[in-house]
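# Chains, contacts and geometry: an overview
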Amino acid sequence: MPAPLEGIKVIDMTQVQSGPSCTQMLAWLGADVIKIERPGKGDQTRGELLDMESDSLYFLQLNANKRSIELNTKTAEGKEVLTKLLKDADVFIENLHPGAVDHMGFSWENVQKINPRLIYASLKGFNADSPYVDVKAYEDVAQCAGGAAATTGWWKGEYNVPTISAAALGDSNTGMHILIGILAALLHRDKTGVGQKVTQSMQDAVINLCRVKLRDQIRLDNTGTLNEYPQYPNETFGDTVPRSGNASGGAHLGWTFRCKGWETDPNAYVYMILQDTKKGWEDTCNALGKPEWLTDPKYSTHKGRAPHAFEIFKEIEEEYTLKNDKFVVSKTLGEAGIPCGPVLSMKDIQNDESLRKSGTIVEVEAADPKRGKFLTVGCTQKFSNFTPVIKTPPKLGEHTEEILKSLGYTDAQIKELHDKKVTSV
């Protein structure tokens, strides 16, 4: 069975995380991804956050299944090689700082002339119309500019500060967003016969995931309150959506609950949703051994429960979750139809056999025997007719000679490029 993107050629001029997360997925889906790297240095993440003298896990976990060519695209000879690569490519993707690719001579207008069928994908921190267009955007900058930091964290006390999520909302999330755009553009090319430019800003990608917070801003503007937030009804709302701790942020009450062992395990918690439906609340009360809540006017309706949410949470902890292990709580309540799951640490995830079995966590052989095998996140989509094979990430310039020869360069010409430091082999 052929891979979905078999026959698609991608020229990858991205680095760090936002671009490589996208191109790695394209490679997993069968595209031939050629990663252009600086001679002698490569993607900067190869040497970041090292745990041994070898390519870093940061690089390895974002660059599987690709081919690597060392190429100095600032030289005339390097530009010529890149031009040849683009002539029969399907996708060109870059995430360099604003204006960098244009200054090299590979703007959308120029590349379109080289190959009218090419999809030109560009990742930047901000849109071209943004007042921040020239800002170098990192993960945390994007989270702050996209509304995530302002609405994440505790809402009072010394920890009432904008908070960065540990999830890569600015980087990998942006990579997945532009992946959708690239795939749509490829399908559109099938209909029109021509390529197009696809742009994606990190700010926009974060805003898209904060859509429900924009919903809440409009509701706050219209009503002056948000009755599912923990501030309701005893605290005053300002004119912008506040942080809300671990509240569910939806129509149902939800919170994190301490479980047995929390004193020594910082992740001995579960998250539980108290469903708003009549049956859902009945199931919750019965499973928790609190049938009296069904007739207590303070608790019997959602409107009645909201002002007393923390009283309910306190009783649930003291009378149930603190007496049980987080996995027991999750299993027991889950079987009773209550949305409840354990807070899994990265150690829990690393050792979860079900995630290994599904291919979500995979073991991959590194090119460097010193590294050996390493764990990474595999393809999270599961297909009925196709299973991605996660292959060894490339050594720096591993495929330089192979790629140059495919473009028609002779051994003598390749040596000349090497001598001029246009490339390394």
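Residues numbered from 1 in each chain as written. Predicted model: local features only at pLDDT ≥ 70, side-chain atom pairs only at ≥ 80, totals over all residues. Heavy atoms only, no water.

### A word on the packing of aromatic side chains
Using the criterion set out here, one finds 14 aromatic pairs in the structure. Look at F257 and F313: their rings are 5.5 Å apart centre to centre, the planes differ by 90°, and that puts the pair in the edge-to-face class. Of this pair, F257 sits in strand β7 (residues 253-258) while F313 sits in helix α12 (residues 309-319), placing them 56 residues apart in sequence. As far as burial versus exposure is concerned, F257 and F313 are alike and both buried. Where F310 meets F313, the ring centres are 5.4 Å apart and the plane angle is 80°; that geometry is what we call edge-to-face. Of the two residues, F310 and F313 are both situated in helix α12; the distance of three residues between them amounts to about one turn of the helix. In this structure an aromatic cluster arises from ring pairing among W154, W155, W255, F257, F310 and F313. Its guanidinium or amino end placed over the ring of W262, R258 lies 4.5 Å from that ring's centre, counting from NZ or CZ. (Phe/Tyr/Trp six-rings, centres within 6.5 Å; stacked < 30°, edge-to-face > 60°. Helix = DSSP H or I, 4+ residues; strand = E, 2+ residues; numbered from the N terminus. Buried < 20%, exposed > 50% of the residue type's maximum accessible area, 1.4 Å probe, protein only. Lys NZ or Arg CZ within 6 Å of the ring centre and 35° of its normal.)

### As for a nonpolar patch on the surface
Judged by side-chain polarity, Y132, V135, Y138 and V141 come together as a nonpolar surface patch covering roughly 380 Å² of accessible area. Counting through the fold element by element, V141 comes out in helix α6 (residues 139-145). (Patch = residues over 30% accessible without salt bridge, like charges linked within 9 Å, V, L, I, M, F, W, Y side chains within 5 Å. Areas by Shrake-Rupley, 256 points an atom, 1.4 Å probe, with all protein chains shown as cover. Salt bridge = Lys/Arg side-chain N within 4 Å of Asp/Glu carboxyl O.)

### Looking at the sheet that holds β7
One key point about sheets: their strands pair by backbone hydrogen bonds, in either a parallel or an antiparallel sense. One open sheet holds the three strands; their spatial order is β7-β8-β9, and the pairing between them is antiparallel. The sheet is open, and its two edges are formed by β7 and β9 (340-342), each paired on a single side. The sheet shows a mean angle of 20° between the axes of neighbouring strands, taken without regard to direction. Two strands pair when backbone bridges link them, and β7 and strand β8 (residues 269-274) are joined in this way by six bridges, in the antiparallel orientation. Bridge assignment links F257 to a residue of β8, and that residue is V270. (Pairing = 2+ DSSP bridges. Axes fitted to C-alpha atoms, helices over the stretch in contact; angles between N-to-C directions.)

### Examining unusual backbone geometry
Here Y232 and P233 are connected by a cis peptide whose omega angle stands at 0°. One can find P233 in the loop between α9 (211-223) and β7. With a phi angle near 70°, N65 is a residue other than glycine that sits in the positive phi range. Tracing the chain through its elements places N65 in the loop between α2 (57-60) and β3 (67-70). At K421, a position not held by glycine, the phi torsion is positive, near 60°.

### With respect to the nonpolar core
Judged by nonpolar contacts, the single largest core of 33 residues is most densely connected at V10, L26, I93, I178 and I182. Ignoring anything within four residues of it in the chain, the contact list for I178 reads C22, I93, A121, S122, L123, V198 and Q200. Counting residues in each nonpolar core, the second largest holds 28 residues, with V101, M104, L407 and I414 among its members. (Core = buried A, V, L, I, M, F, W, Y, C linked by side-chain atoms within 4.5 Å. Contact = heavy atoms within 4.5 Å.)

### Details of the pattern of salt bridges
The tally for this structure, following the rule as stated, stands at 31 salt bridges. Among the ionic pairs, D32 bridges to R67, the shortest N-O distance being 2.7 Å. Here D32, found in strand β2 (residues 32-37), pairs with R67, found in strand β3; they are 35 residues apart in sequence, far enough to count as distant. Here D348 ties to K326 by a salt bridge, and the two come within 3.1 Å at their closest N and O atoms. Pair noted here: D348 is in helix α14 (residues 346-350) and K326 is in helix α13 (residues 326-335), with a separation of 22 residues, a long-range link. K326 sits in the buried class, given a relative accessible area of 5%.

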